[in-house]
Amino acid sequence: MSGKFKSPHDIPTIPGTEGWERMYPYNYQFSKEDPERGKYEDEQLWFYDGLHYPEPHYPFDLIWDEAWYLALSQNNTRTFLMPPANGIDHRVVNGYVYITPVGVADPEEIGERVPVFMKRAGYYYENWDSLYAEWKVKVNKLLSDLEAVSFKPLPEVEDESVVFENKGTGSGYHLLTEYDELINMGLTIWQYHFEFLNLGYAAYLTFINTANSIFPDIPISTLTKMVSGIDVVLYRPDAELIRLAKLAIEENLADEILIERDATEMMAALEKSSAGKYWLDELEKSRYPWFWVSTGTGWYHHHKSWNDDLNIPFSSIRMHIDAINAGKEVGRPTEKLLAESEKIVEEYMALIDNDEDRVAFEQALGMAKKVFPYVEDHCFYVENWFHSVFWNKMRQVADILVSAGFIKDREEIWLMKRGEIKEALWDYVTAWATGVKSLGPSYWGKELEWRKGVIAKFQEWTPPPALGTPPDVVTEPFSIMLWGVTTGTLKNWLKGMEAAVGAPSDELMGSPGSSGLVEGKARVIKTVEGLADLKEGEILVATTTSPSWAPAFTKIAGCITDVGGAMCHAAIVCREYGLPTVVGTGNGTSVIKTGDTIRIDGDQGSVVIVERA
Amino acid sequence: MEAAQVKFFMMEDEFQNSQGMAMSEKENSLSFWYEELEGSDFPLVGKKNANLGEMRKAGIPISPGFALTLKANDIFIRETGILDELGKYINSLGEVSVEKCQAASDFTLDLINDATVPQVLVDEICSQYGKLCDLAGVPNLRVAVRSSGAVSMPGQMETYLNIMGEKDLVDYVKKTWASAYHVEAITYRMNKDMGFLLNIGVGVPKMVNSRVSGVIFTLNPLNGDRSKISVDVSYGLGEAVVSGLVTPDNYLLDKVTLDVISSTKGAKEIQCVYNEGGSDIKEVAVCEEDRNRFCLQRDELVELCKVSKTIDRYYGKPYDIEFGIDRDLSFPSNIIILQVRPESVWSKKEAQAKTEKKKDAMDRIVGQLITGVRFK
């Protein structure tokens with residue numbers, strides 16, 4: 001490919017943020033200190049992981065990035081020996097995470113890895129269903145362990161039980177180990193996250209390419225329809241809201257619930273009637289675990305779950321009640337989807353004109369269908385349920401630091417690295433143990449104030465989509481599947497860099513997410529709270545969407561996201577609702593303004609701003 | 001050419017038998033709309049008309065119109081006395097050779113030319129034509145007048161295009177009936193051992209007034225992939241696309257889901273249109289604005305491809321389809337299939353596996369991982 005992105009070593013530091021590097025692990029820095037590593041960095045293609053991270057990272061939040069850096073990479077490189085692919089390397093630039101897939105260049109080495117991979121991956125593929133069942137048991141156990149974790153401020157005097165039950169260990173020590181425990185659980189859930197995922201994607205990719213050999217250019221969206229499950233966990237939270245909306249109508253509570261007011265006030269009002277009490281009981285049943293669904297991707301501490309802010313699910317329940325009252329279909333049309341999926345498979349099978357291809361197609365499809373429930377569902381358990389509970393546990397730790405005077409506000413804790421929090425806890429417990437004053441309050445105050453300013457400057461910065469040297473072809477399966485990075489995308493990004501010098505463009509390119517053409521008014525929404533502003537028939541322009549945005553999809557006429565490939569949430573949901581969608585435009589939310597008239601072509605992956613507001 | 005001889009049989013009962021005159025209400029009708037017909041009705045209206053009815057029944061939209069029955073032709077030759085006249089004349093000829101065909105043709109054509117179409121037929125034709133004009137919302141609608149024999153006689157009889165108004169229509173129907181007695185048609189029948197007399201059906205479809213037109217393959221013509229539909233389309237009459245006078249817009253669709261996979265805007269510099277009041281075609285330039293946009297509406301594209309899929313399924317193989325989008329009719333009835341024929345290039349090739357043989361799914365996954373993924 002001709003053209004080159006900026007060298008990762010040439011990205012200037014934003015004035016006023018000098019020293020930002022200490023907010024992140026030292027190994028996340030691009031550095032020419034070691035010339036060999038510097039050369040490697042220059043020759044790789046680094047792309048900004050906007051799919052997971054539309055915002056710069058708070059130091060603590062990088063925990064998930066480190067967790068998957070390790071888990072994904074080790075699985076490819078050391079555990080299963082994915083023949084052509086090693087891990088995915090990570091860096092941070094001005095608070096934004098860049099990643100690069102690392103291939104295995106030597107064909108001989110690839111060959112040597114094959115038998116090991118066959119044996120190991122083969123075991124998983126053969127026993128997929130039973131291993132996945134065991135996985136759920138493991139993960140549920142970990143989730144209940146996580147729920148059990150709790151942090152309390154240290155007592156003035158230890159309880160008698162420490163003595164009379166001859167425990168031998170004290171509260172200070174427990175605070176430190178409990179914190180370690182919490183962090184370790186977080187790392188463990190990510191080990192589990194990747195136990196199946198790489199293999200799942202490999203099977204899915206095989207299906208995509210087998211189908212492509214028989215039917216050149218078959219859209220990925222069509223293939224997804226063939227394998228997509230019906231009983232998908234990710235849709236369960238929205239299904240619960242629909243259940244509650246219907247129940248509200250049946251119990252004549254709809255008018256009560258449609259009154260816009262704070263959730264606490266609403267629940268107090270419902271508490272007054274027996275029907276209301278019954279409904280609230282049902283609400284409680286839905287809340288655990290389904291309301292742990294995140295309103296974002298779950299990757300950031302500020303991605304609240306529905307349980308953290310019941311106003312969000314209440315507002316969605318109101319949308320559903322309105323839709324049901326208006327006679328609209330709500331939720332996933334599962335029977336229709338199932339019938340459609342079967343029909344598509346049947347029609348495609350009928351188009352194959354020889355036995356060999358028929359066998360190949362069936363083999364690949366069978367495997368893809370086997371792995372797909374995991375591929376679709378794992379992120380509810382990990383990114384939504386686990387993360388949402390985890391953030392709250394960390395807030396308990398933060399409360400201790402607040403009461404110890406280390407930080408002014410519990411939300412300041414995210415400005416600290418997880419290792420620094422451990423150090424601060426040491427400071428706190430040793431001072432408590434000794435009966436002296438800790439250094440923390442005077443040490444952290446200034447530093448965190450400065451870090452807040454740095455993050456604010458990072459937020460104003462627009463990270464370039466890619467750095468370094470683009471390869472001639474993109475072959476790494478995960479980059480293609482998840483991030484939508486293909487040779488074509490890279491070309492567009494290169495083009496975009498040139499265009500950025502001139503006037504703002506009225507035309508954007510992304511990837512086709514869901515078929516169709518639509519023109520309408522744009523509504524740029526960056527967080528789930530913004531959904532309340534959404535009007536019927538508008539085109540949703542978002543950085544990326546999460547399952548908790550589902551109620552919005554009955555209202556909109558189309559959708560555009562900054563990041564994501566054909567497999568991202570927005571694309572999957574929009575295909576189900578038949579809404580034209582373009583994903584991965586790079587900068588849709590900054591180029592398009594609410595009220596602009598835009599035209600999107602979900603088949604071409606193009607967006608045109610027809611008229612500025 | 002071999003000097004074939006044929007007995008010009010003319011006995012009236014013999015003629016009746018050959019035409020099958022068992023009476024029923026349907027068989028007494030003078031005309032049918034295409035949608036009232038099916039393939040097995042060919043003895044009543046001729047093969048072309050019956051096939052058009054069959055296509056409509058199968059969900060393939062053809063230009064709207066009606067078919068005059070063989071019975072109408074029969075009434076014409078009886079009530080005008082042509083049948084009697086011919087009876088005497090043919091009997092006087094006896095056994096005839098090819099050379100005598102010309103005289104027989106001239107004699108018959110003169111008779112038909114001098115005859116006046118009986119009022120009952122004029123009423124029928126004009127009433128049906130009136131309904132067709134109403135349907136299109138155009139007075140004096142342009143129609144085609146097409147011969148339709150009950151047995152296949154490809155190209156032996158006439159088709160007239162761009163006929164307007166009641167008077168001309170009746171005249172051209174008569175001309176079409178007469179075309180069964182052109183010397184070539186008579187000779188053809190002689191060679192096939194058929195009779196001299198021949199009643200034929202006449203089809204009167206609306207002339208397709210194409211705003212855009214083009215060609216569809218129900219496979220990808222570039223690689224033979226049967227899961228695709230390829231559409232070439234440009235402004236005006238089909239000639240521009242068929243004869244390659246313009247670079248048309250092109251679409252590639254997924255045949256199963258009808259999702260558009262790619263679309264390429266063509267230059268579409270010119271379009272073919274009918275000359276004012278005439279049936280010849282002229283080329284005119286397409287304005288800049290029209291050239292710079294896709295010429296098909298999205299719903300038209302989808303509907304067209306649904307129809308193409310229907311055709312592909314109906315015949316059970318990939319097809320090559322000519323279509324027009326009529327400017328006088330409203331969506332979706334403006335979508336009109338002009339001609340269909342089996343795709344001839346890829347369909348003849350032997351099926352070939354496009355995937356490698358692997359012992360199981362696992363083996364396939366490994367193969368995939370090693371090969372990597374190359375995206376265009």
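Residues numbered from 1 in each chain as written. Chains lettered and ligands numbered in written order. Predicted model: local features only at pLDDT ≥ 70, side-chain atom pairs only at ≥ 80, totals over all residues. Heavy atoms only, no water.

Tell me about the overall build of chain B, residues and numbers included.
A count of helices and strands for chain B gives 14 helices and 15 strands. Counting only C-alpha atoms and orienting by the principal axes, one finds that chain B spans roughly 85 × 50 × 40 Å. By element, 49% of the accessible surface of chain B is carried by carbon and sulfur atoms, the whole surface being about 17200 Å². Of the charged side chains in chain B, 44 are positive and 55 negative; the average position of the first set lies 9 Å away from that of the second. (Helix = DSSP H or I, 4+ residues; strand = E, 2+ residues; numbered from the N terminus. Areas by Shrake-Rupley, 256 points an atom, 1.4 Å probe, with all protein chains shown as cover. Lys, Arg positive; Asp, Glu negative; His and termini not counted. Charge placed at Lys NZ, Arg CZ, Asp CG, Glu CD.)

Describe the confidence of the model for chain B, listing the residues and the values that go with them.
Residue and element names in this part refer to chain B. Across chain B, pLDDT averages 86, with 90% of residues at or above 70. Residue range residues 1-7 is modelled with pLDDT below 50. Its contacts to residues more than four positions away, or to other chains, number 14 contacts. Long-range and interchain partners of residues 9-22, a stretch whose pLDDT sits below 50, account for 26 contacts in this model, where long-range means more than four residues apart. (pLDDT = per-residue confidence, 0-100. Contact = heavy atoms within 4.5 Å.)

Account for the layout of surface pockets, with residues named and values stated.
All names here are of chain B. Estimates place the volume of the second largest pocket at around 1200 Å³. Around the second largest pocket sit 43 residues that line it, and Lys48, Leu52, Arg146, Leu338 and Gln339 are the ones nearest its centre. Elements represented by at least two residues in the lining of the second largest pocket include exactly α4 (47-57), β5 (143-148), α11 (239-242), α13 (298-315), β14 (319-326) and β15 (335-342). At seven residues, β15 tops the list of elements feeding residues into the lining of the second largest pocket. Residue composition of the lining of the second largest pocket, grouped by class: 24 nonpolar, eleven polar and eight charged. No fewer than three residues from each of domain 1 (6-205) and domain 2 (210-348) sit in the lining of the second largest pocket. (1 Å grid on protein atoms, 1.4 Å probe; cavity = no way out; pocket = protein on both sides within 12 Å on 5 of 7 lines; lining within 4 Å. Points joined across faces, edges and corners; volume = space filled by probe spheres on them. Nonpolar A, V, L, I, M, F, W, Y, C, P; charged D, E, K, R; others polar. Domains from an automatic or database assignment.)

Before we move on, could you go through the interface of chain A and chain B and cite the residues and values that matter?
At the interface, 49 residues of chain A touch 40 residues of chain B. Between chain A and chain B, a total of about 4000 Å² is buried, with carbon and sulfur atoms accounting for 61% of that surface. Scanning the region where chain A abuts chain B turns up four salt bridges. With a closest N to O distance of 3.2 Å, A:Glu347 and B:Arg313 form a salt bridge. Taken together, the connections running from chain A to chain B amount to nine residue pairs in polar contact (both at pLDDT 80 or more). Elements with a contribution of two residues or more to the side of chain A that touches chain B: α3 (107-126), α6 (171-214), α7 (220-227), α13 (334-351) and α14 (355-403) of chain A. No other element matches α6(A), which puts eight residues into the side of chain A that touches chain B. Taken together, the residues of the side of chain A that touches chain B sort by class into 27 nonpolar, 15 polar and seven charged. (Buried area = accessible area lost by both parts, 1.4 Å probe. Salt bridge = Lys/Arg side-chain N within 4 Å of Asp/Glu carboxyl O. Polar contact = N/O pair within 3.5 Å; in protein donor to acceptor, adjacent residues only side chain to side chain.)

Residues and numbers for the sheet that holds strand β10 (residues 581-583) of chain A, please.
All names here are of chain A. Pairing within the open sheet is mixed, and its eight strands lie in the order β5-β12-β11-β7-β8-β9-β10-β6. For this open sheet the edge positions go to β5 (507-509) and β6 (511-514), each flanked by a neighbour on one side alone. Across the sheet, the mean angle from the axis of one strand to that of its neighbour is 30°, orientation sign disregarded. Sheet analysis places strand β11 (residues 597-601) next to strand β12 (residues 606-611), joined by five bridges and oriented antiparallel. Residue Thr597 lies in a different strand from β12, and its bridge partner there is Glu611. (Pairing = 2+ DSSP bridges. Axes fitted to C-alpha atoms, helices over the stretch in contact; angles between N-to-C directions.)

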